[in-house]
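Here is what each chain is made of, one letter per residue.
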Amino acid sequence: MPLKFYSTLASPPSLAVRQCLAYLDIQYELEDLDYSSGTHMSEEFAKKNPQKEIPLIDDDGFQLSESNAILQYLADKYAKDQTLYPKDLKERALVNHRLCFDLSTYYRNICDYAVNPMFFDYPRTDLALKKTHIALSNFNTYLERTGTKYAATNHITIADFQLATSTMCLESINFDLSDYPLVQKWYATFKQEYPELWKLLEPEMLVLTACEKNPPDLSHMVHPIHPVRKS
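Being a predicted model, the structure only gives us computed values, none of them experimental. (Residues numbered from 1 in each chain as written. Predicted model: local features only at pLDDT ≥ 70, side-chain atom pairs only at ≥ 80, totals over all residues. Heavy atoms only, no water.)

## Considerations on helix α5 (residues 126–146)
An α-helical turn contains 3.6 residues, so any two residues separated by three or four positions project in the same direction.
No. 1: For α5, built from 21 residues, the straight-helix expectation of 30 Å at 1.5 Å per residue is met to within 8% by its first-to-last C-alpha distance of 31 Å.
No. 2: Those residues of α5 not exposed but buried are Ala 128, Thr 132, Ala 135, Leu 136, Phe 139, Asn 140 and Leu 143. Viewed end-on, α5 has its buried residues packed into an arc of 135°, placing them on one side of the element. Along α5, the residues that are exposed and aim more than 90 degrees away from the buried face are Asp 126, Leu 127, Lys 130, Glu 144 and Arg 145.
No. 3: Packing partners of the buried residues in α5 comprise α4 (89–119), α6 (158–172) and α7 (181–193). (Helix = DSSP H or I, 4+ residues; strand = E, 2+ residues; numbered from the N terminus. Expected span 1.5 Å × (residues − 1). Buried < 20%, exposed > 50% of the residue type's maximum accessible area, 1.4 Å probe, protein only. Arc of directions from axis to C-beta. Contact = heavy atoms within 4.5 Å.)

## Comments concerning unusual backbone geometry
No. 1: A positive phi is found at Asp 25, a non-glycine position, where the angle reads about 55°.
No. 2: Within the fold, Asp 25 resides in the loop between α1 (12–23) and β2 (28–33).
No. 3: Exposure remark for Asp 25: the relative accessible area of 55% places this residue in the exposed category.
No. 4: Of note, the phi angle at Asn 174 is positive, near 60°, even though the residue is not glycine.

## Observations regarding the pattern of salt bridges
No. 1: Tallied over the full model, the rule gives 8 salt bridges.
No. 2: Across the pair Lys 4 and Glu 29 runs a salt bridge whose closest N-O atoms are separated by 4.0 Å. Of this pair, Lys 4 sits in strand β1 (residues 3–8) while Glu 29 is found in strand β2, placing the two residues 25 residues apart along the sequence.
No. 3: Here Glu 193 and Lys 149 are joined by a salt bridge, their closest N and O atoms 3.1 Å apart. Of this pair, Glu 193 sits in helix α7 while Lys 149 sits in the loop between α5 and α6, and the two are 44 residues apart along the sequence.
No. 4: Accessibility expressed as a relative area gives 37% for Glu 193, which makes it partly exposed. (Salt bridge = Lys/Arg side-chain N within 4 Å of Asp/Glu carboxyl O.)

## With respect to the nonpolar core
No. 1: Core analysis: the largest hydrophobic core is formed by 67 residues, its most contacted members being Leu 74, Tyr 106, Phe 139, Ile 158, Phe 161, Met 168 and Trp 186.
No. 2: Ignoring anything within four residues of it in the chain, the contact list for Phe 139 reads Phe 101, Tyr 106, Ala 151, Leu 163, Val 183 and Trp 186. (Core = buried A, V, L, I, M, F, W, Y, C linked by side-chain atoms within 4.5 Å.)

## Here's the deal with the packing of aromatic side chains
No. 1: One pass over the full model with this rule turns up 13 aromatic pairs.
No. 2: Ring plane angle 45° and centroid distance 5.1 Å describe the contact between Phe 62 and Tyr 73, whose orientation is recorded as tilted. Here Phe 62 is found in strand β4 (residues 62–65), whereas its partner Tyr 73 is found in helix α3 (residues 67–78), with 11 residues between them in sequence.
No. 3: Here Phe 62 falls in the partly exposed class, since its relative accessible area comes to 39%.
No. 4: Measuring from centroid to centroid gives 6.1 Å for Tyr 187 and Trp 198, while their planes differ by 85°, and the two rings are edge-to-face. Here Tyr 187, found in helix α7, pairs with Trp 198, found in helix α8 (residues 195–213); they are 11 residues apart in sequence, far enough to count as distant. (Phe/Tyr/Trp six-rings, centres within 6.5 Å; stacked < 30°, edge-to-face > 60°.)

## Here we look at the side chain of Thr 148
No. 1: Considering the arrangement of structural elements, one finds Thr 148 in the loop between α5 and α6.
No. 2: A residue is classified by how much of its surface remains accessible, and Thr 148, at 18% relative accessible area, is buried.
No. 3: A polar contact of 2.8 Å, which involves the side chain of Thr 148, links it to the side chain of Thr 146.
No. 4: A polar contact of 2.7 Å, which involves the side chain of Thr 148, links it to the backbone oxygen of Tyr 150. (Polar contact = N/O pair within 3.5 Å; in protein donor to acceptor, adjacent residues only side chain to side chain.)

The following block contains the structure:
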């Protein structure tokens with residue numbers, strides 16, 4: 001049976017997994033969930049993922065959520081060489097670090113500043129902007145210290161899939177990256193060397209840009225965490 005992939009439109013974690021599936025040429029059956037409908041928060045979906053979050057994969061009955069864990073699983077099972085998720089202890093540690101950094105700091109702060117205000121009743125605050133600049137500065141420093149073309153090594157890895165989707169969120173609101181030249185160069189290199197992956201991201205980025213200009217009406221949604229903007 002083909003791998004089943006539960007995803008939703010313009011979801012950065014889902015897009016990271018989509019890049020991995022495309023890069024590894026993995027055939028899959030897409031279950032495209034409408035985020036605005038709240039389908040992912042249903043008790044039926046909770047049977048698949050108690051966290052009620054997207055993405056999720058079902059690999060012949062093996063169900064796995066959390067995009068980082070999915071990327072690691074796919075790379076370990078399907079990669080044709082050791083560049084995407086290196087076996088070398090130190091290189092793999094750096095990839096794992098970048099994945100953790102994206103989850104704890106980079107995407108978290110970018111999401112709070114750039115994405116959440118598009119969909120929920122959050123203002124864009126100076127504090128959120130400051131945290132985003134700190135995250136960008138951290139990433140720029142990591143690139144400076146490793147001196148590598150990509151986030152952890154001189155080859156693209158699963159960490160770049162996550163970091164690229166996070167950076168795409170900033171591009172969707174025309175955020176200026178010029179103060180972080182190594183991040184800017186890394187992002188441009190990714191687009192230039194992997195145009196097929198960027199083709200996956202660009203239309204989703206434009207969806208976010210549209211949501212930035214015209215926030216979607218989610219007033220019907222009862223979200224357990226985020227405050228819903230009243231129409």
